[in-house]
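Each chain, written out:
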There are 2 protein chains.
Amino acid sequence: MSRFANTPEPPYYAVIFTSQHSGVDQDEYANMADKMLELAKTMPGYLGAESARDNNGLGITVSYWRDEASIANWKSHAEHVEAREKGNHKWYDHYELRVARVERSYNGPQHKAAKP
Amino acid sequence: MSRFANTPEPPYYAVIFTSQHSGVDQDEYANMADKMLELAKTMPGYLGAESARDNNGLGITVSYWRDEASIANWKSHAEHVEAREKGNHKWYDHYELRVARVERSYNGPQHKAAKP
């Protein structure tokens, strides 16, 4: 499966979540992260997500949404609220969350085959 | 050094660059990536960057800029143009680049110490 989000033409929204994992309960964390991704996919206005975490526990997840209302709706989902509580209390040493309006986009390299 | 960007209050801009590394010339790539980051820091309007690449070569780098003009200026820098050429020809199997206007932000966890 491609790890790139198949987003439409802008405008749309991006939630940029950068986090430093504490190292606590990594298996439980991985399970919860998978579960949240599956749940997000069922939400109205969800357009996709991209995620990478390095060996030092620094991760960036960007999820893409049709509009601010879709983001607000996802933020209020009960299971997501519960997951964030755990994130706040044990999984994350620090995080930064930014909500941004995507205005333009392009991809490449031009000479290579399309998205893997 | 903190791996979180110390960005100001929004609005400002984010360049979200998601890439799949080809695995070719990884040392040369790492050197170039470091060099580009150092160069970016000297550019007008640069506000910071966050970056993570996982063991499968999928990476996300988000750089933050004061405005669109700062991004355009950085894009046209000769050394950056040269680095992108190499990226296009050997380092990246695929990439997606999105330019977005950050509209709001917050961080956490609230009960933990400030940014590491």
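Residues numbered from 1 in each chain as written. Chains lettered and ligands numbered in written order. Predicted model: local features only at pLDDT ≥ 70, side-chain atom pairs only at ≥ 80, totals over all residues.

Draft legend 1. A look at the interface of chain B and chain A. Chain B puts 36 residues into the contact, and the matching count from chain A is 36 residues. With 17 residues, strand S4 (residues 92-108) of chain B is the largest single contributor of residues to the side of chain B that touches chain A. Counted by class, the side of chain B that touches chain A contains 16 nonpolar, eight polar and 12 charged residues. Across 13 bridges, the pairing between strand S4 (residues 92-108) of chain A and S4 of chain B is antiparallel. (Contact = placed C-beta atoms within 7 Å. Helix = DSSP H or I, 4+ residues; strand = E, 2+ residues; numbered from the N terminus. Nonpolar A, V, L, I, M, F, W, Y, C, P; charged D, E, K, R; others polar. Pairing = 2+ DSSP bridges.)

Draft legend 2. Region of interest: unusual backbone geometry. Look at the link from Gly 108 of chain A to Pro 109 of chain A: it is a cis peptide, with omega at -10°. Looking at the secondary structure, you find Pro 109 of chain A in the segment after S4. Residue Pro 11 of chain B is bonded to the preceding Pro 10 of chain B through a cis peptide linkage, with omega at 5°. With a phi close to 50°, Asp 25 of chain A is a non-glycine residue in the positive phi region. Residue position: Asp 25 of chain A is located in the loop between strand S1 (12-21) and helix H1 (26-41). When the 14 C-beta atoms within 10 Å are taken as the criterion, Asp 25 of chain A is described as partly exposed. (Buried ≥ 20, exposed ≤ 12 C-beta atoms within 10 Å, placed from the backbone.)

Draft legend 3. Representation of the relation of the copies chain B and chain A. Here chain B sits on chain A after a turn of 180° about the axis and a move of 0.0 Å along it, with an RMSD of 0.0 Å. Taken together, these values place the two copies in the relation of a two-fold axis. (Least-squares fit on C-alpha atoms with pLDDT ≥ 70 in both.)

Draft legend 4. Region of interest: the nonpolar core. Counting residues in each nonpolar core, the largest one holds 32 residues, and the members touching the most others are Tyr 13, Ala 14 and Ala 100 of chain A together with Tyr 13, Ala 14 and Ala 100 of chain B. Those residues in contact with Ala 100 of chain B, other than ones at most four positions away along the chain, are Ala 14, Ala 100, Arg 101, Val 102 and Glu 103 of chain A together with Tyr 13, Ala 14 and Ile 16 of chain B. (Core = buried A, V, L, I, M, F, W, Y, C linked by C-beta atoms within 7 Å.)

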